[in-house]
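Here is how the chains run, residue by residue.
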Amino acid sequence: NRLKSHSRGALIVLEGLDRCGKTSQASRLVSFLTGLGHAVEMWRFPDRTTVVGKMISSYLSNRSHLDDRAIHLLFSANRWEKRSLMEDKLRCGTTLIVDRYSYSGVAFSSAKELDLLWCKTPEKGLLAPDLVVYLDISPEKAAERGGYGGERYEQLEFQKKVAQSYHKLFDASWKIVDATLPIEEIEEQLRDVALDCLVTCQKGKSLSQLWS
Ligand code: NYM
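Nothing here was measured: the structure is a model prediction, and the numbers come from that model.

S.K.: Please explain the sheet that holds strand E3 (residues 95-99) as it appears in this structure.
M.R.: The strands making up a sheet associate through backbone hydrogen bonding, with each pair oriented either parallel or antiparallel. Spatially, the five strands line up as an open sheet ordered E2-E3-E1-E4-E5, and their pairing is parallel. Sheet topology places strand E2 (40-44) and strand E5 (175-178) at the edges, where each strand pairs with a single neighbour. Across this sheet, the average inter-strand angle for adjacent strands is 20°, counted without regard to direction. With five bridges joining them, strand E1 (residues 11-16) and strand E4 (residues 131-136) adopt parallel strand pairing. In the strand pairing of E4, Gly16 is matched with Leu135. On top of the sheet, helix H8 (residues 183-202) reaches E1, E3, E4 and E5; it is set at about 170° to E4, its chief contact.

Here it is as structure tokens:
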């Protein structure tokens, strides 16, 4: 029994450094919204299931090496290959909770000193999120959480640069949440902003494009 399936779904993106808690918060939010009767799916980027995603996965696990610009464009292509499905889902009323999106693409690549504008360009024309939540944690605190999986980028010095890059992308519309709060408090804040966002979309807010 899906409620309000006549109106479009919301595109909600969670961003942050590695180990900030995005993935667990995303799944908690999906369960909450599903429980209220909304049609909701959890998505993540990179989507490692596609051919491009497998190339990305192999790069991240150091099984392959790629030029910095080449891998940047693959991350972007991985979003482009999902763009039309994303739009169909949203128009059919499904809300998408997305673990990382174009902001990760720009933050991680520009941390390698690629030009910020160059990094943004291939993202132009992807769907703009209705809400971006940034789970804010210092690189040092994130590193203390341990469990960096040993993938490329999962190193304190690099994460410090990623944090700086994210700060350049901050926008007044982003919801910045203190990722060091107790899990339940973060969850509560996410529920509130997500529900507000769903209402705005149901009231007819139109889909728009990123950075165009
Ligand atoms: N990452 C993720 C990028 O460098 N560019 C992107 O466009 C995206 C979506 O991949 N360290 C990086 C951030 C992460 C890594 O993500 C894999 P995850 O959430 O650990 O699967």
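S.K.: Whenever I open this one, the packing of helix H2 (residues 51-60) against helix H3 (residues 68-91) confuses me. Can you help?
M.R.: Axis separation between H2 and H3 bottoms out at 9 Å; the angle between their running directions is 140°. The orientation of H2 relative to H3 falls into the category oblique. As for how H2 packs across H3, the hand of that crossing is left-handed. The segment H2 lies against H3, with Val52, Gly53, Met55, Ile56, Tyr59 and Leu60 engaging Asp68, Ile71, Leu74, Phe75, Ala77, Asn78 and Glu81. Its residues assigned to classes, the contact of H2 with H3 shows nine nonpolar, two polar and two charged.

Conventions we followed
- Residues numbered from 1 in each chain as written.
- Predicted model: local features only at pLDDT ≥ 70, side-chain atom pairs only at ≥ 80, totals over all residues.
- Heavy atoms only, no water.
- Pairing = 2+ DSSP bridges.
- Helix = DSSP H or I, 4+ residues; strand = E, 2+ residues; numbered from the N terminus.
- Axes fitted to C-alpha atoms, helices over the stretch in contact; angles between N-to-C directions.
- Contact = heavy atoms within 4.5 Å.
- Parallel < 35°, antiparallel > 145°, perpendicular 65-115°, else oblique.
- Left-handed = near helix turned anticlockwise from the far one by under 90°.
- Nonpolar A, V, L, I, M, F, W, Y, C, P; charged D, E, K, R; others polar.

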